[in-house]
Amino acid sequence: MTLDVDPPEPPELETIDPNEYDDAQVVDDTDYRRDEIEDYLRDGAWEQAFEEWAERTDMDDATFEIVADLDLLERFDFFWDSYAERVGYHAPGLPEDWKHRDIHPDLDSWGTVSAINAGLTELGQEVCDVLKDEYIEWETEYEAPDDLPDFE
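Residues numbered from 1 in each chain as written. Predicted model: local features only at pLDDT ≥ 70, side-chain atom pairs only at ≥ 80, totals over all residues. Heavy atoms only, no water.

(A) Fine view of helix 2 (residues 61-69). Considered for burial, the residues of helix 2 that qualify are T63, F64, I66 and V67. What you see down the axis of helix 2 is that its buried residues fit within an arc of 150°, all on one side. With a side-chain oxygen positioned 3.3 Å from the backbone nitrogen of A62, the residue opening helix 2 is D60. (Buried < 20%, exposed > 50% of the residue type's maximum accessible area, 1.4 Å probe, protein only. Helix = DSSP H or I, 4+ residues; strand = E, 2+ residues; numbered from the N terminus. Arc of directions from axis to C-beta. Polar contact = N/O pair within 3.5 Å; in protein donor to acceptor, adjacent residues only side chain to side chain.)

Here's what the structure looks like:
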């Protein structure tokens with residue numbers, strides 16, 4: 001399926017500790033390099049990833065309209081995980097108690113909620129892949145701990 005919408009503006013990345021998310025864990029103290037990642041997103045990484053994702057997502061136009069109405073794309077977060085040498089991300093999503101919250105008038109089924117949550121996760125991964133493959137050139141400098149044995 002192809003989603004036929006224009007790529008929205010990339011998200012503005014805020015200073016948040018990724019360990020505060022339920023779906024992310026960063027092992028080491030790190031420079032999350034959000035300013036650089038945000039520049040890459042504005043320089044075309046977001047648009048490229050969004051277009052690639054839109055070509056194969058299961059999300060339809062009506063479901064994407066809910067995503068846009070709820071400003072979910074603006075709540076993405078991307079950060080550098082130096083320990084794993086990867087771009088980490090947090091994808092926004094809809095809560096399990098969406099029915100009780102009356103979040104959106106067109107949100108009426110678990111299928112739609114699942115499509116939104118899965119689609120946003122897939123978009124987040126696509127953005128990470130584009131960033132790592134085509135934009136990020138830095139590598140983390142590894143410093144061995146002082147207590148490693150000397151094998152000479």
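The rest of the description comes next.
(B) Fine view of the packing of aromatic side chains. Per the counting criterion, the structure on display carries nine aromatic pairs. Measuring from centroid to centroid gives 5.9 Å for W46 and F76, while their planes differ by 70°, and the two rings are edge-to-face. In this pair, W46 sits in helix 1 (residues 34-56) while F76 sits in the loop between helix 2 and strand 1 (77-81), placing the two residues 30 residues apart along the sequence. The same class applies to W46 as to F76, namely buried. Judged by centre distance (5.8 Å) and plane angle (65°), the rings of F50 and F64 are edge-to-face. Of this pair, F50 sits in helix 1 while F64 is found in helix 2, placing the two residues 14 residues apart along the sequence. As far as burial versus exposure is concerned, F50 and F64 are alike and both buried. Among the aromatic residues, ring-to-ring pairing joins W46, F50, W53, F64, F76, F78 and Y89 into one connected group. (Phe/Tyr/Trp six-rings, centres within 6.5 Å; stacked < 30°, edge-to-face > 60°.)

(C) How the structure looks around helix 1. The end-to-end C-alpha distance of helix 1, which contains 23 residues, comes to just 28 Å, noticeably less than the 33 Å that a straight helix rising 1.5 Å per residue would cover. R42 marks the point of greatest bend in helix 1, at about 70°. Buried residues of helix 1: R34, I37, E38, L41, G44, A45, W46, Q48, A49, F50, W53 and A54, and no others. (Expected span 1.5 Å × (residues − 1). Bend = angle between axes of the 7 residues up to and from the residue.)

(D) Representation of the pairing of strand 2 (residues 86-90) within the structure. Counted residue by residue, strand 2 has four buried out of five residues, so it is predominantly covered. As paired strands, strand 1 and strand 2 are joined by five bridges and run antiparallel to one another. Bridging from a neighbouring strand, D77 pairs with H90 of strand 2. Hairpin remark: strand 1 followed by strand 2, antiparallel, with four residues in the connecting loop; positive phi at E85, about 50°. (Pairing = 2+ DSSP bridges.)

(E) Up close: the pairing of strand 1. With five of its five residues buried, strand 1 lies for the most part within the structure. Burial of strand 1 is two-sided: the residues D77, F79 and D81 facing one way and the residues F78 and W80 facing the other way are all buried.

(F) Representation of the nonpolar core in the model. By size, the foremost hydrophobic cluster in this structure holds 36 residues, and its most contacted members are L41, L73, F78 and L131. For this core, the elements supplying multiple residues, two or more each, are helix 1, helix 2, strand 1, strand 2 and helix 4 (110-135). Ranked by residue count, the leading element in this core is helix 4, at nine residues. Once residues within four sequence positions are removed from consideration, L73 is found in contact with P8, P11, W46, F50, F64, V67, L120 and L123. (Core = buried A, V, L, I, M, F, W, Y, C linked by side-chain atoms within 4.5 Å. Contact = heavy atoms within 4.5 Å.)

(G) Just the environment of F64, in detail. The exposure class of F64 is buried, given its relative accessible area of 8%. In sequence terms F64 and L3 are 61 residues apart; their C-alpha atoms lie 8.3 Å from each other. The residues contacting F64, other than those within four sequence positions of it, are L3, V5, F50, W53, M59 and L73.

Geometry only, nothing functional implied.
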